[in-house]
Structure formats: structure tokens, C-alpha cells
Amino acid sequence: MLEADGFDGAYLLHDDERRTTVSATFWTDPTTAAASGAALQQHLDTWEQMTGRKATVETFEVADAQIPTRAGR
């Protein structure tokens, strides 16, 4: 698991049919979120050079969160 200051969790979502992946990372404050986005964009720029596929970083605020609990966890 990522151990960066301010990191508060993540989800990685993938759709095989559309060949699309989305990651959502959660940060404790806007400063660490911005620093993470800037660092990630450097990796995405390299990814685009290697693959020709454009990836972007977008920032959103969590408006509501309901985390389901699962038996057996």
C-alpha cells in the first residue's frame, strides 16, 4: 500500500470492454492532493509518449461517501 504523507486510500476501476482504467485516490488535504496530481502527471506524460494514448488527471471533492461493509473481511 502507498505510504505517502496525506494518502487516505484509493480505488482502481477497469473496464476490459472499453480498455479503460480509472483510479481514484483520496488525500487528507488539498495540498497533498495537488502534489500527488503533479507527480502523477509526469508519469502520464511518459505513458503518452510510449503508447500514444492520452491520460489526464482530474480533481474532485468527495460530496458523499458510503463505504459498504462486507462479511468475512
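Just so we're clear, the structure is a prediction, and the values are computed from it rather than from any experiment.

Visitor: Residue-level account of the overall build of the chain, with values.
Guide: Of the regular secondary structure elements, the chain holds one helix and two strands. N-terminal to C-terminal, the α/β element order of the chain is β-β-α. In terms of overall size, the chain is more extended than a compact globule, its C-alpha atoms giving a radius of gyration of 15 Å where 73 residues would be expected to give roughly 11 Å. Principal-axis analysis of the C-alpha atoms places the extent of the chain at approximately 40 × 35 × 25 Å. When the accessible area of the chain is evaluated, it comes to approximately 6800 Å², of which 52% is carbon and sulfur surface. Distance between charge centroids for the chain: 10 Å, based on 6 positive and 12 negative side chains.

Visitor: Would you mind going over unusual backbone geometry in detail, with residue names and values included?
Guide: Within the chain, Arg19 stands out as a residue other than glycine whose phi angle is a positive 55 degrees. Locating Arg19 in the fold gives a position in the loop between β1 (7-15) and β2 (20-27).

Visitor: Explain a nonpolar patch on the surface to me, using residue names and the numbers behind them.
Guide: Together, Tyr11, Leu13, Val22 and Ile67 make up an exposed nonpolar region whose accessible area comes to about 410 Å². Here Leu13 is to be found in strand β1.

Visitor: I'd like a description of the packing of aromatic side chains, backed by residues and values.
Guide: For any pair of aromatic rings, the description rests on two quantities: the centre-to-centre distance and the angle between the ring planes. A complete count under the given rule lists two aromatic pairs for this structure. Pairing Phe7 with Trp27 gives two aromatic rings, centres 5.4 Å apart and planes at 75 degrees, and the pair type is edge-to-face. You can see Phe7 sitting in strand β1 and its partner Trp27 sitting in strand β2, a full 20 residues away along the chain. Judged by centre distance (5.9 Å) and plane angle (85 degrees), the rings of Tyr11 and Phe26 are edge-to-face. Placement of Tyr11 in strand β1 and of Phe26 in strand β2 is noted, with a sequence separation of 15 residues between them. For Phe26, a relative accessible area of 27% puts it in the partly exposed group.

Visitor: Just give me the short version of the pattern of salt bridges, but keep the residues and values in it.
Guide: One pass over the structure, following the stated rule, counts two salt bridges. Between Asp15 and Arg18 there is a salt bridge, with the nearest N and O atoms lying 3.0 Å from each other. With a relative accessible area of 59%, Arg18 lands in the exposed category. With its nearest N and O atoms 3.6 Å apart, the salt bridge here joins Lys54 to Glu48. Owing to a relative accessible area of 56%, Lys54 belongs among the exposed residues under this scheme.

Criteria and cut-off values
- Residues numbered from 1 in each chain as written.
- Predicted model: local features only at pLDDT ≥ 70, side-chain atom pairs only at ≥ 80, totals over all residues.
- Heavy atoms only, no water.
- Helix = DSSP H or I, 4+ residues; strand = E, 2+ residues; numbered from the N terminus.
- Rg over C-alpha atoms; globule rule 2.2 N^0.38 Å.
- Areas by Shrake-Rupley, 256 points an atom, 1.4 Å probe, with all protein chains shown as cover.
- Lys, Arg positive; Asp, Glu negative; His and termini not counted.
- Charge placed at Lys NZ, Arg CZ, Asp CG, Glu CD.
- Patch = residues over 30% accessible without salt bridge, like charges linked within 9 Å, V, L, I, M, F, W, Y side chains within 5 Å.
- Salt bridge = Lys/Arg side-chain N within 4 Å of Asp/Glu carboxyl O.
- Phe/Tyr/Trp six-rings, centres within 6.5 Å; stacked < 30°, edge-to-face > 60°.
- Buried < 20%, exposed > 50% of the residue type's maximum accessible area, 1.4 Å probe, protein only.

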